[in-house]
Amino acid sequence: MMTRRNLLRFINVLAIALLLTAPALAAPITLRVDATQALRRIFYADETIPVTPGPLTLVYPKWIPGEHGPTGPITDLAGLKLSASGKSIEWKRDAVDMYAFHLTVPAGATSLDMKLELLSTPGSEGFSSAASATSELAVLSWNQLLLYPEGKPTNDVEFTAELKLPADWKFGTSLPVLRNAANNTIDFKTVSLTTLVDSPVLAGKHFRRIELSPGATPPHYLDIAADSDEALEVSPERVAKYRQLVKEALAMFGNSTHYREYHFLLALSDQIAHFGLEHHESSDDQAREVFLTDDAVHLAGSSLLPHEFVHSWNGKFRRPQGLATPDYQTPMKGELLWVYEGLTEYLGWVLTARAGLDTAEQNRQFLAVSTAALDNRSGREWRPLIDTTIAAQLLYNARSDWDSERRGVDFYDEGLLIWLEADTIIRKQSQGEKSLEDFLRAFHGGPSTNPEVKPYTFESLAESLGRIVNYDWKKFFDERLNRTGTEHAPQGGIEAGGYRLTYADKMADVQKTIESVSGSISVAYSIGLKLGTDGNVTDVLPELAAAKSGVGPGMKIVAVNGNQFSGEVLRQAIRGTKTGGTLDLLVQNGKRFSSYKLDYRGGERYPMLEPNGLPKLLDEILKPLSK
Ligand SMILES: [Zn+2]
């Protein structure tokens, strides 16, 4: 919770911002979207915009909330035609800003008619702009299907939307419905552009809605659209765990909510991109077709819904100032993503175990896997963690080759470690009287509200933590965010939690599951290689044996000690190095085949957490709060 003084200051800033902005449009913009051709991967939209004569600039949403980057799929915008009173109007794209279109509204015109198309990609690279339509389902992100007048805060632009779906499709969304008219056309209530873009629609032929908090207010729904009816056959035990997730999240945030109702919009298909995108009142969750019905696939993605749900509080309601932009054209600043994503990653990880979506042991194994990856990043030498947040808009699209040397969006997993450590510090400083939850209830809680955004700065965050326990939080974060040349990931939380990161010659079950589900092989902490099941090297750890012998990303391992490559053949050879076995790799690099001899004797090494003798605070943290 903010102090009264801070709150007043914040209200003044808002009032000034409101005074400076252009007046709201005379009437809502109407938007009609035709999704009946979703299975051909094309969407049609037409829009009627109230206007006054003279020059006008319309913009296509560029900076998409939650994606922290300029990811609006402008290349896939097509069919743009403008007219007024039946007469066509010419438009010209801005020479610098590819997302802006200039035109002149003719004298006498009071409204502008616009047509556009979205060419929906079948490619699965990216987030909401990647593949999100199949023959059986579609996820509709409104920001991809509209233009709006430049310079208006999206809170002040009203939209009345209509959506036409294929005849036998059902849908789920948090967008308030006015009526479901004939021909499977849905009329939505008039909302701000902010709410519209915050409320995607999941629709499909194979659809199921599960209530996750029956009888409670506000309601929570798991809306599922899948490529088959079989994929909807989730067991009652698993449903019970997702109901527990809702209970545990509410307990974590002191029963304070910032949504009218909450919808997990879960799309299950092997033809779409797989990711999660948070909203205030819903989340766009996209996973494999068998996500709910295959235990291994579910385990690998068990923190997906917990993470996205946490974002309703952390990210949507409380948002870093640099990410709380007034419209979708203003660039975002990602410097506090270690809170936005890092704290969410920590709380999602905690909730996954508290809800029983995995076991505490599996949860610790996930932590070992991610911590080992961070701890062995050679890029720690040159790149401080804070730079991964500032450069997030680049790193989300970074390739996986040389990942260790480049560093990726490390603020997720390393943010988790930092917040785990903060939690253990609060528990210790308060002699077990308080925990990070006291901070959450103060910072993210308070009275329940409809969706709203309360921006914060690093200073106000550190102050809020200081009110929970007196500690030099600025120094604590500064040391973990801004240092380079640090050999190790911050493991104070794991250690205060009663464990330490170590390496064993047996692979933990969770790593086996991750590898089988993702089709990858990691022998990163023995010889320093990450590769695909086909032998293609995706990354090397520069300090370890494979890289030192000359192997690099983009090469392909064809044979190991003269035997045709497979994951097991490679692991067996690594195992054999302990008893004097050699490690000769036959490697294809383009047209050339070469032999690489590795200087390595250490056998297999896989990450695990082992007890360090201290009380197991980590296990306490993962215990359910709710009854
Ligand atoms: Zn997130």
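Please read these numbers as outputs of a predicted model, since none were measured by experiment.

(A) Structural detail: helix α8 (residues 360–375). Counted at 1.5 Å a residue, the expected span for α8 with its 16 residues is 22 Å, and the 22 Å between its end C-alpha atoms agrees. Regarding α8, the residues found buried are Asn363, Arg364, Gln365, Phe366, Leu367, Ala368, Ser370, Thr371, Ala372, Ala373, Leu374 and Asp375.

(B) Layout of the coordination of the zinc ion. Looking at the zinc ion, the protein donor atoms are His307 (NE2), His311 (NE2) and Glu341 (OE), and they sit 2.0 to 2.1 Å from it. For the zinc ion, the single-chain donor residues occur in sequence as H-x3-H-x29-E. According to the relative accessible area criterion, His307 is buried, its value standing at 8%.

(C) Spatial organisation of the nonpolar core. If you look at the biggest cluster of nonpolar residues, it comprises 91 residues, and the most contacted ones within it are Trp338, Tyr346, Trp419, Phe439 and Trp473. Looking at this core, the element that brings in the most residues is helix α12 (residues 413–429), giving eight residues. Sequence-distant contacts of Trp419, that is, excluding residues within four places in its chain, are made with Trp338, Val339, Gly342, Leu343, Tyr346, Leu436, Phe439, Leu461, Leu465 and Phe477. Core analysis: the second largest hydrophobic core is formed by 54 residues, Phe43, Val51, Leu146 and Leu163 among them.

(D) Region of interest: the environment of Pro50. Examined against the element boundaries, Pro50 turns out to sit in strand β2 (residues 42–50). The spacing of Pro50 and Ile29 is 21 residues in sequence and 6.6 Å in space, taken between C-alpha atoms.

(E) Geometry of the pairing of strand β11 (residues 158–164). Here β11 shows a buried face lined by Phe159, Ala161 and Leu163 and an unburied face lined by Glu158, Thr160, Glu162 and Lys164. Direction of pairing for strand β1 (residues 29–34) relative to β11: parallel, over a ladder of six bridges. Directly across from Arg32, in β11, lies its bridge partner Glu162. As paired strands, β11 and strand β15 (residues 191–192) are joined by two bridges and run antiparallel to one another. Across the sheet, Glu158 pairs through a bridge with Ser192, a residue of β15. Two elements, β11 and strand β14 (residues 185–188), share three bridges in a ladder whose sense is antiparallel. Paired with Lys164 across the two strands is Thr185, which belongs to β14.

The rules we used
Residues numbered from 1 in each chain as written. Predicted model: local features only at pLDDT ≥ 70, side-chain atom pairs only at ≥ 80, totals over all residues. Heavy atoms only, no water. Helix = DSSP H or I, 4+ residues; strand = E, 2+ residues; numbered from the N terminus. Expected span 1.5 Å × (residues − 1). Buried < 20%, exposed > 50% of the residue type's maximum accessible area, 1.4 Å probe, protein only. Donors = N, O, S within 2.8 Å, 3.2 Å for Na, K, Ca; no water. Core = buried A, V, L, I, M, F, W, Y, C linked by side-chain atoms within 4.5 Å. Contact = heavy atoms within 4.5 Å. Pairing = 2+ DSSP bridges.

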